[in-house]
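# Chains, contacts and geometry: an overview
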Amino acid sequence: QVQLVESGGDLVQPGGSLRLSCAASGSIFSRDVMGWYRQAPGKQRELVALITGGTFINYADSVKGRFTISRDNAENTMYLQMNSLKPEDTAVYYCYLEKYGRGYWGKGTLVTVSS
């Protein structure tokens, strides 16, 4: 059974930074795909970034150059460093893991970018 717990969401001013964490428990392997998605009010959930084994990384165009995804396979933890935050980054951020074709989701952490 895989469980994902996000943390680090907060209220931050435009231009500020936050680091989100996702702690994974269960049978986790470095080859498992992990990623961050977000859902803003009234919008569909969208991909933010994906990482596999620390080698293959993909970002949404809207966050390229501002966000950095990483993972510590020894600690089963994934991070999202978010810099130069904009009001449009406001959303609930969800941790995602895919194992043997099945997707798992965390409950989300709220990021609010506002002055």
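See above for the structure.
Report follows, based on the coordinates. (Residues numbered from 1 in each chain as written. Predicted model: local features only at pLDDT ≥ 70, side-chain atom pairs only at ≥ 80, totals over all residues. Heavy atoms only, no water.)

### Considerations on the nonpolar core
- Within the largest apolar cluster, 30 residues are counted, with the highest numbers of intra-cluster contacts made by Leu4, Met34, Trp36, Leu80, Met82 and Tyr93.
- Elements supplying a minimum of two residues to this core: β3 (18-25), β4 (33-39), β5 (46-52), β7 (67-72), β8 (77-82), β9 (91-99) and β11 (109-113).
- Beyond its immediate stretch of four places on either side in the chain, Met82 contacts Gly16, Ser17, Leu18, Leu20, Arg66, Phe67, Tyr93 and Val111. (Core = buried A, V, L, I, M, F, W, Y, C linked by side-chain atoms within 4.5 Å. Buried < 20%, exposed > 50% of the residue type's maximum accessible area, 1.4 Å probe, protein only. Helix = DSSP H or I, 4+ residues; strand = E, 2+ residues; numbered from the N terminus. Contact = heavy atoms within 4.5 Å.)

### Some thoughts on the pattern of salt bridges
- Going through the model one piece at a time under the given rule, you end up with five salt bridges.
- Here Asp89 and Arg38 are joined by a salt bridge, their closest N and O atoms 2.9 Å apart. With Asp89 in the loop between β8 and β9 and Arg38 in strand β4, this pair connects stretches of sequence that are 51 residues apart.
- Salt bridges sharing partners connect three or more residues here, namely Arg38, Glu46, Arg66 and Asp89. (Salt bridge = Lys/Arg side-chain N within 4 Å of Asp/Glu carboxyl O.)

### What to know about the packing of aromatic side chains
- A complete count under the given rule lists four aromatic pairs for this structure.
- Taking the centre distance of 5.0 Å and the plane angle of 70 degrees together, the rings of Tyr37 and Trp105 count as edge-to-face. One end of the pair, Tyr37, is in strand β4; the other, Trp105, is in strand β10 (residues 102-105), and 68 residues separate them in sequence.
- On the basis of relative accessible area, Tyr37 is assigned to the buried category, the value being 18%.
- When the ring of Tyr94 is compared with that of Trp105, the centres are 6.4 Å apart and the planes differ by 85 degrees; the resulting orientation is edge-to-face. One end of the pair, Tyr94, is in strand β9; the other, Trp105, is in strand β10, and eleven residues separate them in sequence. (Phe/Tyr/Trp six-rings, centres within 6.5 Å; stacked < 30°, edge-to-face > 60°.)

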